[in-house]
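An overview of the molecular structure
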Amino acid sequence: MKVDSDNRYDLKQEIGSDHFNERCKYCGNHTKKHINRLYGEINTTIVLFFIFASLVLTVFTWNLGLIVGKLTIGIPLFVWFDQKRRASNFNKIMID
């Protein structure tokens, strides 16, 4: 289940209840799980996109100097730390 909620309270409002239906990856049966059993993860697709964009930006701005290299390395790091912070904040808060 992929959602964009920043915490479990927003997720509860988004799906409308404390439980959600999940399909087993192996047997295909549907089971009902509580929101607190859901854990946030880093979205690697976004991080990989920004790494690729950073590499392209580095190639086009190679002659501008060292500061551009630091900026292009900093962009994916910022995105990765932001994704890590969002997942950590989601996992910290439990609902009743």
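Residues numbered from 1 in each chain as written. Predicted model: local features only at pLDDT ≥ 70, side-chain atom pairs only at ≥ 80, totals over all residues. Heavy atoms only, no water.

What about the side chain of Ser-54?
Along the chain, Ser-54 falls in helix α2 (residues 44-60). If we skip the residues at most four places from it in the chain, Ser-54 touches Thr-72, Ile-73 and Pro-76. (Helix = DSSP H or I, 4+ residues; strand = E, 2+ residues; numbered from the N terminus. Contact = heavy atoms within 4.5 Å.)

Describing the state of the cysteines
Tallied over the entire structure, the rule returns zero disulfides. Here Cys-24 is not disulfide-linked; the sulfur of Cys-27 is the nearest cysteine sulfur, at 3.5 Å. (Disulfide = S-S within 2.5 Å.)

A closer look at the environment of Ser-17
As for its position among the elements, Ser-17 is in the loop between α1 (8-15) and β1 (19-23). Of the residues examined, Ser-17 reaches a relative accessible area of 30% and is grouped as partly exposed. Polar contacts involving the side chain of Ser-17 include one to the main-chain carbonyl oxygen of His-19, which spans 2.7 Å. (Buried < 20%, exposed > 50% of the residue type's maximum accessible area, 1.4 Å probe, protein only. Polar contact = N/O pair within 3.5 Å; in protein donor to acceptor, adjacent residues only side chain to side chain.)

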